[in-house]
Amino acid sequence: MRSPRDFFKPLALGAPQPLADIPVRPSRMIHFFDPSNPKMAEKAPSIASRVDILLGNMEDAVAIDNKEAAREGFIRIARENDFGDTQLWTRINSLDSPWFLDDIHRIVTEVGDKIDVIMLPKIQGAWDIHYADQLLAQLEARAGIQRPILLHCILETALGVANVESIANASPRIQGMSLGPADLAASRRMKTTRIGGGHPGYLVRDDPDADNPEAPRTAHQQDLWHYTIGRMVDACVSVGALPFYGPFGAIDDPTGCEDQFRNAFLMGCVGAWSLHPSQIDIAKTVFSPPADEVLWAKRVLEALPDGSGAVMVDGKMQDDASWKQCKVMVDLAKLIADSDPALKKAYGF
Ligand code: GLV
Ligand code: MG
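Rules of the game
- Residues numbered from 1 in each chain as written.
- Chains lettered and ligands numbered in written order.
- Predicted model: local features only at pLDDT ≥ 70, side-chain atom pairs only at ≥ 80, totals over all residues.
- Heavy atoms only, no water.
- UniProt positions renumbered as here; feature names shortened; annotations may be inferred.
- Near = heavy atom within 4 Å.
- Polar contact = N/O pair within 3.5 Å; in protein donor to acceptor, adjacent residues only side chain to side chain.
- Areas by Shrake-Rupley, 256 points an atom, 1.4 Å probe, with all protein chains shown as cover.
- Helix = DSSP H or I, 4+ residues; strand = E, 2+ residues; numbered from the N terminus.
- Nonpolar A, V, L, I, M, F, W, Y, C, P; charged D, E, K, R; others polar.
- Donors = N, O, S within 2.8 Å, 3.2 Å for Na, K, Ca; no water.
- Buried < 20%, exposed > 50% of the residue type's maximum accessible area, 1.4 Å probe, protein only.
- Pairing = 2+ DSSP bridges.
- Axes fitted to C-alpha atoms, helices over the stretch in contact; angles between N-to-C directions.
- Contact = heavy atoms within 4.5 Å.
- Right-handed = clockwise from strand over helix to strand, strands pointing away.
- Core = buried A, V, L, I, M, F, W, Y, C linked by side-chain atoms within 4.5 Å.

In the nomenclature of an unreviewed UniProt entry, the chain is known as CoA ester lyase of Candidatus Marimicrobium litorale. The UniProt entry for the chain carries the following text under Cofactor (unreviewed entry): "Mg(2+)".

Around ligand 1, the neighbouring residues are Arg91, Glu156, Gly180, Pro181, Ala182, Asp183, Pro247 and Trp273. Here Glu156 contributes a side-chain N or O atom positioned 2.9 Å from an oxygen atom of ligand 1. Protein coverage of the free-state accessible area of ligand 1, which is 190 Å², stands at 92%. Looking at the shell around ligand 1, the element that brings in the most residues is helix α7 (residues 181-188), giving three residues. Tallied by class, residues from the shell around ligand 1 come to four nonpolar, one polar and three charged.

Those donors, Glu156 (OE) and Asp183 (OD), are the protein atoms that reach the magnesium ion (ligand 2), and they lie 2.1 Å from it. Here Glu156, found in the loop between β5 (150-155) and α5 (158-162), pairs with Asp183, found in helix α7; they are 27 residues apart in sequence, far enough to count as distant. The class for Glu156 is buried, based on a relative accessible area of 3%.

The next subject is unusual backbone geometry. Even without glycine at this site, Lys122 takes up a positive phi of about 55°. A relative accessible area of 24% means that Lys122 is categorised as partly exposed. Phi angles above zero are rare outside glycine, and Arg189 is one such case at about 60°. In this fold, Arg189 is placed in the loop between α7 and β7 (203-205).

Glancing now at the UniProt feature "domain: HpcH/HpaI aldolase/citrate lyase" (unreviewed entry) in the chain. In the numbering adopted here, UniProt assigns the feature "domain: HpcH/HpaI aldolase/citrate lyase" (unreviewed entry) to residues 29-193. In this annotation, residues 29-193 is assigned 44% helix and 19% strand; the end-to-end C-alpha distance for the span is 24 Å.

Strands sit in the order β9-β6-β5-β4-β3-β2-β1-β10 across an open sheet of eight strands; the sheet is parallel. A strand with exactly one partner marks an edge of an open sheet, and here the two such strands are β9 (242-244) and β10 (272-274). Strand-to-strand, the axes of this sheet are offset by a mean angle of 25°, without reference to chain direction. Bridge count between β5 and strand β6 (residues 174-179): five bridges; the pairing is parallel. Its bridge partner lying in β6, Leu151 is registered against Ile174. Against the sheet, helix α4 (residues 126-143) contacts β4 (117-120), β5 and β6, and its axis sits at roughly 155° relative to β5.

What follows is about the pairing of strand β2 (residues 53-57). The two faces of the sheet receive side chains in turn, since in a regular strand these alternate between them. Taken across its five residues, β2 has five buried, putting it largely inside the fold. Pairing geometry for strand β1 (residues 29-33) and β2, over four bridges, is parallel. Bridging from a neighbouring strand, Phe33 pairs with Gly56 of β2. Handedness of the β1-helix α1 (residues 38-48)-β2 crossover: right-handed. Note that β2 and strand β3 (residues 87-91) share five bridges and pair parallel. Bridge assignment links Gly56 to a residue of β3, and that residue is Thr90.

Attention shifts here to the nonpolar core. In terms of nonpolar packing, the biggest core is built from 69 residues, with Leu54, Ile104, Ile118, Leu120, Ile129, Met177 and Phe261 touching the most fellow members. Discounting chain neighbours no more than four positions away, the residues touching Leu54 are His31, Phe33, Ala44, Ile47, Ala48, Phe83, Thr86, Gln87, Leu88 and Trp89. By size, the runner-up hydrophobic cluster in this structure holds 13 residues, among which are Phe32, Met119, Ile154 and Phe244.

Dropping the structure here:
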């Protein structure tokens, strides 16, 4: 077992000291782009100004013949641009792929000081993180990087879900996790061919009417991802890391996308992936707390100034615990208001 004293020591001589706390910044959407696609690469700087996180993708959705072009394109874009407050992330290829070693080596040593987080796909257990953690430390030391690069895991295999707590606890580099519903469905042999979202067959139907057993019975579609998101949120938050919903592939279904993102927001996720520019505003709307909730939460905080005791606000009992719920809402609103003047006004800050 590793000594707790060593947990915050660098894993290589000359590597930066691991962070004790994960920086909490607006992270409502991780916008994916393919750096091997010249049109997308050209648009990256203008898209960056609209999103909280811009991610250059090297993994799935980039054709095998374009893997090297994606890597070169990302390095060029990272080198040539300063995206200001927008975080720059990359999703590299999986640890067992032929591209992983060159992806991580080239990106960290050439533009490691420009990137905040590396997203690792298909993480199976803590052993994957230990390998990436030490390798990153060696590369950071070689490149003279001052600020540790963080790791974000995609939860997209049955084994990864089974090991989610030990993955979250494997390293202080763990920034967060995303649900990967497409790979996860395949890994679990679920019978859905959709990328994220619900399925009309996954439902609960009302009981028959005893007086009229032949009457039509209403069915209610259920959320296929509820269990996994619940486990991911607990595993992440218990180590101070951030949980995200992943991709919603039906670009032509903005309503379904909004609903799925909102389920994840209500359960504790901080953001989701946007795979198309039309999903950026959906994520912005959903993952910014609603103004009426924020105004209400501010009233509760004012009604219990030291956060203890019990009072009634508009007929609803408030106490220490509901004060904390309201503080979550107000703290998130403040974080987002700092970079969004319209929301700042709506929240009354
Ligand atoms: C994302 O990578 C997924 O597999 O859903
Ligand atoms: Mg995947």
